Amino acid sequence: MKLYLPNSANLQNVEGFFRRFSPEDPTTLSFQMHPRYVHLHPAALAMAACLGEVAHSNGARVKGRVRRVRSLPYLVRMGLFGHVRLDPRLEISGHEEAGRFIPLTQIRSNEDLRTAIVDVIPLLHADPEIANPIRYLFSELVRNVLEHARSPVGAFVCAQYYRNSERLSIGVADAGIGIRASLAQHHRVTSAVEAIALALQPGISGATGRIGGNESNAGAGLFFTKGIARLSRNYFIIYSDDCLFKLLRGPEGREPVLHTHPSDDPHWFTTGLPEWRGTVVGIDISVAPGTSFSSLLTEINKAYSLDVKKRKKAYYKMIQFAK
Amino acid sequence: MTVLIKESTSDFAEDKDAAAKIRDEQIRPAIRRGEEVTLDFTGVSLTTQSFVHALVSDVIRNQGEGILKQLTFKGCNREVKGLVKTVVQYSLETLDEN
């Protein structure tokens, strides 16, 4: 296996990071990094940590060394090298970055998730408008992994808050069966592209063939995640098997619209990437003053529509709400 | 019967296991007895669509739209209210599907 940390891996250009990863030869993890500077989106960091953990659990030999790049303290603070099992030869004593990121966290159970939500997310010292999307996305994305992925190393999550650009980036990665295999249990899917497109539609779950889900699974987590990125005009990616789905920001100056079918949103699919056994999800969110998470949820709820033939009726108007 | 959601979760109601427990141990038996059920979200600042789904979707699908006369959602902020509306809407839309 090969892991290369490039100069830059944001969601805009993350394909370069995926292309240089290799799943071949599981007996060795060959590690390399850019000689001067490394910047990784949390999705890339989560995948790198996940790969390191998979290599370790397979008893793989780790080859390579950590270079003393300028961004090394950040990578050390995020906890990457503990999972890749390489010594960065750097002691971190300061805490100047505290409050701006959530380090790599491995979650293997519901109890781990509860602990992460209670103990880890508050590390960001964020007001509710920043903390709520993180709490929401961590919960929905990690539960997807725990319930559907069968990942031997669980889920890896981390986040970064960019104060200057008022942007929040979140990454979640697992080394499970992948979206295609998960959906194929109950749906007819012939390719990773088809599987990802299906998984992004509301009401499609890997737990049942029934549109709208069963008693435990609604099949809505990825639609909500995509909606949060789309309506705040940000990038969102899913990488599974050999396929990358990337939601683009869309044209400026026009109100973003959320569609139920991902093909109607600004996007592209890239296929033929190195095979990732599992799923990687990355998302950026704007958290500037005036961007309200509750407004985003309201817009997503409005867009939520299942592909069912039944005559539409406003059932929601019949709900009894009390103060 | 009133169910205090925060007692089984926290101010962030996301634990689907807790939702399923409330559904199976409190909501379903009360509905079977013909009681009115109030789901009190007071003190819950955020929930997830998955939590609300696990809490009520199957009950609504099993009983049909008439169940909405027996269920009351109390103390919901804007986020919670929006998610409840979405889950109720699609649960009833898919009642006769598949």
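What counts and how
- Residues numbered from 1 in each chain as written.
- Chains lettered and ligands numbered in written order.
- Predicted model: local features only at pLDDT ≥ 70, side-chain atom pairs only at ≥ 80, totals over all residues.
- Helix = DSSP H or I, 4+ residues; strand = E, 2+ residues; numbered from the N terminus.
- Rg over C-alpha atoms; globule rule 2.2 N^0.38 Å.
- Buried ≥ 20, exposed ≤ 12 C-beta atoms within 10 Å, placed from the backbone.
- Contact = placed C-beta atoms within 7 Å.
- Pairing = 2+ DSSP bridges.
- Axes fitted to C-alpha atoms, helices over the stretch in contact; angles between N-to-C directions.
- Expected span 1.5 Å × (residues − 1).
- Bend = angle between axes of the 7 residues up to and from the residue.
- Arc of directions from axis to C-beta.
- Parallel < 35°, antiparallel > 145°, perpendicular 65-115°, else oblique.
- Nonpolar A, V, L, I, M, F, W, Y, C, P; charged D, E, K, R; others polar.

(A) Structural view of the overall build of chain A. From N to C terminus, chain A includes ten helices and 13 strands. In terms of overall dimensions, chain A is globule-like: its C-alpha atoms have a radius of gyration of 19 Å, near the 20 Å expected for 323 residues. Principal axes of the C-alpha set define a box for chain A whose edges measure 65 × 45 × 40 Å. Out of the 323 residues in chain A, the part that is buried amounts to 48%. For chain A, long-range pairs separated by at least 24 residues make up 69% of all intrachain contacts whose partners lie at least 6 apart in sequence.

(B) Structural view of the overall build of chain B. In terms of regular secondary structure, chain B is built from four helices and five strands. In summary, chain B has a C-alpha radius of gyration of 12 Å against a globular reference of 13 Å for 98 residues, a match within 12%. Oriented by its inertia axes, the alpha-carbon framework of chain B measures out at about 35 × 25 × 20 Å. For chain B, buried positions account for 50% of its 98 residues. Sequence-distant contacts in chain B: of pairs separated by 6 or more residues, those separated by 24 or more amount to 85%.

(C) Representation of the sheet that holds strand 11 (residues 267–270) of chain A in the model. Residues and elements named next belong to chain A. Ordered by their spatial adjacency, seven strands build an open sheet running 6-7-8-12-9-10-11, and the pairing between neighbours is antiparallel. A single partner strand is all that each edge strand has here, and the edge strands are strand 6 (101–107) and strand 11. Adjacent strand axes in the sheet meet at a mean angle of 10 degrees when their direction is disregarded. Packing against the sheet, helix 9 (residues 221–231) makes contact with strand 9 (236–241), strand 10 (243–247) and strand 12 (276–286), and its axis sits at approximately 35 degrees to strand 12.

(D) Structural detail: helix 3 (residues 49–63) of chain B. With 15 residues, helix 3 of chain B should reach 21 Å at 1.5 Å per residue; the first-to-last C-alpha distance of 20 Å fits that figure. Along helix 3 of chain B, the largest kink reaches about 40 degrees and is centred on V56(B). Counting buried positions along helix 3 of chain B gives twelve out of 15 residues, so the element sits mostly inside the fold. Restricting attention to buried positions, one finds in helix 3 of chain B the residues Q49(B), S50(B), F51(B), V52(B), H53(B), A54(B), L55(B), V56(B), S57(B), D58(B), I60(B) and R61(B). In this structure, the buried residues of helix 3 of chain B make contact with helix 6 (128–149) and helix 9 of chain A together with strand 2 (12–13), helix 2 (16–32), strand 4 (46–47) and helix 4 (78–93) of chain B. Just beyond helix 3 of chain B, the residue with positive phi is G64(B), at close to 85 degrees.

(E) How the structure looks around the sheet that holds strand 5 (residues 71–74) of chain B. With parallel pairing, four strands are arranged side by side in an open sheet as 13(A)-5(B)-3(B)-1(B). Single-partner strands in this sheet number two, and they are strand 13 (320–322) of chain A together with strand 1 (2–4) of chain B. In this sheet, adjacent strand axes meet at a mean angle of 25 degrees when their direction is disregarded. The sheet contact formed by strand 3 (residues 37–40) of chain B and strand 5 of chain B spans four bridges and is parallel. Paired with T38(B) across the strands is T72(B), a residue of strand 5 of chain B.

(F) Geometry of the pairing of strand 9 of chain A. Residue and element names in this part refer to chain A. The element strand 9 is extensively covered by neighbouring structure, given that six of its six residues are classed as buried. With five bridges joining them, strand 9 and strand 10 adopt antiparallel strand pairing. Along strand 10, the bridge assignment pairs S240 with C243. Summarising the sheet, strand 9 and strand 12 pair through six bridges and their orientation is antiparallel. Residue pairing across strands places D241 opposite W276, the latter belonging to strand 12.

(G) Fine view of helix 5 (residues 110–120) of chain A. Those residues of helix 5 of chain A not exposed but buried are L113(A), A116(A), I117(A) and V120(A). Burial along helix 5 of chain A is one-sided: seen end-on, the buried residues are contained in an arc of 115 degrees. Exposed side of helix 5 of chain A, more than 90 degrees from the buried face: E111(A), V118(A) and D119(A) are the residues found there. For helix 5 of chain A, the elements touching its buried residues are strand 6 and helix 6 of chain A together with strand 2 of chain B.

(H) Spatial organisation of the packing of helix 5 of chain A against helix 6 of chain A. Residue and element names in this part refer to chain A. Packing of helix 5 against helix 6 brings their axes to within 11 Å, and their N-to-C directions diverge by 170 degrees. Put simply, helix 5 runs roughly antiparallel to helix 6. Residues N110, L113, A116 and I117 of helix 5 lie in contact with helix 6, whose contacting residues are R135, F138, S139, V142 and L146. Grouping the amino acids of the contact of helix 5 with helix 6 by side-chain chemistry returns six nonpolar, two polar and one charged.

(I) Examining the interface of chain A and chain B more closely. Contacts between the two partners involve 35 residues from chain A, matched on the other side by 40 residues from chain B. Per element, the largest residue contribution to the side of chain A that touches chain B is six residues, and it comes from helix 6 of chain A. In the side of chain A that touches chain B, the residues fall into 16 nonpolar, twelve polar and seven charged.

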